[in-house]
Amino acid sequence: MVEEMNSEVTKMKSFSVGEIVTGKVSKVEDKQAFVDVGFKVDGVVPISELSSLHVEKVSDVLSVDDELELKVLKVENDELILSKRAVQAEKAWDELQQAYESGQILEVEVADVVKGGLVVDLGVRGFIPASLVERHFVEDFSDYKGKTLRLKVAEIDQDNNKLILSQRAVLDEELEDKKRTVLHSLKAGDIVEGKVQRLTDFGAFIDVGGVDGLVHISQLAHHRVDKTSDVVKEGETIKVKILSVDQDSERVSLSIKDTQPGPWESFSGRVSPGDVLEGTVRRLVTFGAFVELAPGVEGLVHISQLANRHIGTPSEVLSEGETVQVKVLDVNIKEKRISLSIRDLLEKEDTSDEDYQAYESSKQDDQGGFSLSDLIGDQLKKYKN
């Protein structure tokens, strides 16, 4: 009988600290699990040695008869302490170092949401700071638990058990790849659709397929624009013409103005010589005044056509910003020239006054009075005599 017991003991395995062993779970309790690894007693795996993450109950991660690979932490006559976490960590650090050096993308499920970011289990505890989760600001991460993210290793320090991961790095890289593709596809002269991203004092930035291009304020419209917001709004989808693409600096110049009919083309057919229009005096020059008849369309009133009397400068009769009535003398849409007159309208008014005076004189004749011609005629008779 003694010989049989001694034989059984000699069959028992002996272990040393740091050794990797395999075994089968024989019993599961709330805070520990027992594993048969061929030792004289079952080895104990404390709950803290199950995972790099917090485990509430052993039964959440282990079941009886599960086969495990474990690392020996402590060996005594009647005690064997084992770690599942340590085995996972040793393998994980090597793999993570390779992923860091190669830039490999890892698909990982979020294990927990903590203050300042997210936690994942990669065999070791990995942390994703809030600023490295998305390209945009996220106020509430509560719905990220259980979500699978694509991550890159941002920082790794095995000695200090530090692993920082980033999804933003993946998103940034994808955006850069997309930008390069789009930049090579954009050609000067093309008309494309874009979305207004933001407005500035000097123009608007438009997203054209993932690349932001600038519409300078001078390219917003054919007429003068004082405020960018007078022409476009953030979030609006518009058509733009590509003026130039600089691959090196990733700059794209755009125009809204060039996608729209010019003011002169729009004005074509709307006026003819003899028409009387209302306009605004925009500029006074030595040889006359430029009057705006429609946004972007100006006609010239030559100084000789400003008044029915001689004037030295246009400012004697007009002021900039003044609204005036003008008569169209000539139209040349092709050369973008319209000749106007104010004098013709003034002469018409004067002619009306003369007609009225003639009418008054005729009334006096009918009433037995005398006319100016009668008076002159009488004077001439005296000289003849």
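Residues numbered from 1 in each chain as written. Predicted model: local features only at pLDDT ≥ 70, side-chain atom pairs only at ≥ 80, totals over all residues. Heavy atoms only, no water.

Peer 1: Any chance you could explain the side chain of Ser255 here in plain terms?
Peer 2: Topologically, Ser255 is positioned in strand E15 (residues 251–255). Assessed through its relative accessible area of 0%, Ser255 is described here as buried. Looking at Ser255, its side chain comes within polar contact range of the main-chain nitrogen of Lys257, at 3.3 Å. Within the structure, the side chain of Ser255 is placed 3.0 Å from the backbone nitrogen of Asp258, a separation counted as a polar contact. The residues contacting Ser255, other than those within four sequence positions of it, are Val215, Gln219, Val240, Lys241 and Leu243. (Helix = DSSP H or I, 4+ residues; strand = E, 2+ residues; numbered from the N terminus. Buried < 20%, exposed > 50% of the residue type's maximum accessible area, 1.4 Å probe, protein only. Polar contact = N/O pair within 3.5 Å; in protein donor to acceptor, adjacent residues only side chain to side chain. Contact = heavy atoms within 4.5 Å.)

Peer 1: Explain the pattern of salt bridges here, please?
Peer 2: Working definition: two side chains of opposite charge can pair if their charged atoms are close together. Taken as a whole, this structure holds 19 salt bridges when the rule is applied. In this structure, the salt-bridge partner of Glu173 is Lys152, at a minimum N-O distance of 2.7 Å. Placement of Glu173 in helix H3 (residues 168–185) and of Lys152 in strand E9 (residues 148–157) is noted, with a sequence separation of 21 residues between them. Accessibility expressed as a relative area gives 40% for Glu173, which makes it partly exposed. Judged by its relative accessible area of 13%, Lys152 falls in the buried class. Residues participating in the shared-partner salt-bridge network are Lys74, Glu76 and Glu79. (Salt bridge = Lys/Arg side-chain N within 4 Å of Asp/Glu carboxyl O.)

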